[in-house]
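# A structural walkthrough
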Amino acid sequence: GKGRRNYKMLKCIFSSPTEKRVEPDIQGIFFETSTGQRGVLPNHISMVAYLKPGSIVRLKKNMGELVFRIGISSFFRIIKNEAIISTQEFKEEKEY
């Protein structure tokens with residue numbers, strides 16, 4: 001019915017020349033551009049952003065967050081709740 005909340009989630013794909021990683025069920029993605037911090041939540045408008053080289057990307061999940069460090073030549077694109085981070089390299093940070 002109309003009263004039901006729509007709990008949409010994001011899917012985030014990290015893509016480099018050598019590897020790809022897909023993270024489903026993301027509640028928010030937070031990243032750094034040349035002009036400062038940005039964040040996207042489900043149902044965000046389509047956009048593209050250049051990411052600051054060597055910066056941190058945080059994926060907010062139900063049970064906390066995943067933290068990744070990205071390399072150079074990185075950009076972020078989101079269309080219809082699917083985000084793609086294209087970068088030269090990425091790695092998950094255990095603690096930050």
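So, a few notes on the structure that sits alongside this text. (Residues numbered from 1 in each chain as written. Predicted model: local features only at pLDDT ≥ 70, side-chain atom pairs only at ≥ 80, totals over all residues. Heavy atoms only, no water.)

### Observations concerning the overall build of the chain
For clarity, the cut-off: Put simply, DSSP H or I for four residues or longer makes a helix, DSSP E for two residues or longer makes a strand, and each gets a number counted from the N terminus. Here the radius of gyration uses the C-alpha set of atoms, whereas the globule reference equals 2.2 Å times the residue count to the power 0.38. Type-normalised accessible area, obtained with a 1.4 Å probe on protein chains alone, sets the label of each residue: buried when under 20%, exposed when over 50%, and partly exposed for intermediate values. Residue contacts are counted whenever heavy atoms from the two residues lie within 4.5 Å of one another. Per-residue and other accessible areas were derived by the Shrake-Rupley procedure at a 1.4 Å probe size, with only the shown protein chains allowed to occlude residues.
The helix and strand inventory of the chain stands at zero helices and ten strands. Over its C-alpha atoms the chain spans a radius of gyration of 13 Å, differing by no more than 12% from the 12 Å that the globule rule assigns to 96 residues. Burial status across the chain gives 36% buried among its 96 residues. The long-range fraction of contacts in the chain, counting pairs at least 24 apart against all pairs at least 6 apart in sequence, stands at 51%. Of the roughly 6400 Å² of accessible surface on the chain, 50% is carried by carbon and sulfur atoms.

### Quick look at the pattern of salt bridges
Formally: Just to be clear on terms, a salt bridge is a Lys or Arg side-chain nitrogen sitting within 4 Å of an Asp or Glu carboxyl oxygen.
Per the counting criterion, the structure on display carries eight salt bridges. Between Arg21 and Glu23 there is a salt bridge, with the nearest N and O atoms lying 2.8 Å from each other. Residue classification places Arg21 among the partly exposed positions, given a relative accessible area of 28%. For Glu23, a relative accessible area of 8% puts it in the buried group.

### A closer look at the environment of Ser86
By the secondary structure assignment, Ser86 is in strand β9 (residues 82–86). In the structure, Ser86 is positioned twelve residues away from Ser74 in sequence and 5.5 Å away in space, judged by C-alpha atoms. Those residues within four positions of Ser86 in sequence are excluded, and the remaining contacts are Ser15, Ser73, Ser74 and Phe75.

### Here we look at the pairing of strand β6 (residues 56–61)
What counts is decided by this rule: Strands were regarded as paired on the criterion that DSSP finds at least two bridges between them.
Where strand β3 (residues 28–33) meets β6, three bridges bridge the pair, whose relative direction is antiparallel. Bridging across to β6, Ile29 finds its partner in Leu59. In this structure, β6 lies alongside strand β7 (residues 64–70), joined through six bridges in antiparallel fashion. Bridge pairing in β7 links Lys60 to Glu65. Connecting β6 to the next strand, β7, in antiparallel fashion are two residues.

### Observations regarding the packing of aromatic side chains
Definition in use: Each Phe, Tyr or Trp ring, with Trp reduced to its six-membered ring, pairs with another whose centre is within 6.5 Å; inter-plane angles below 30 degrees give stacked pairs, above 60 give edge-to-face pairs, and intermediate values give tilted ones.
For the structure on display, the rule yields four aromatic pairs. The structure contains a cluster of three or more aromatic residues connected by ring pairs, namely Phe14, Phe68 and Phe90.

### Structural notes on the pairing of strand β5 (residues 47–51)
What you see with β5 is a clean split: Met47, Ala49 and Leu51 sit on the buried side and Val48 and Tyr50 on the side with no burial. With five bridges connecting them, β5 and strand β8 (residues 74–79) associate as antiparallel partners. Of the residues in β8, the one forming a bridge with Ala49 is Phe76.

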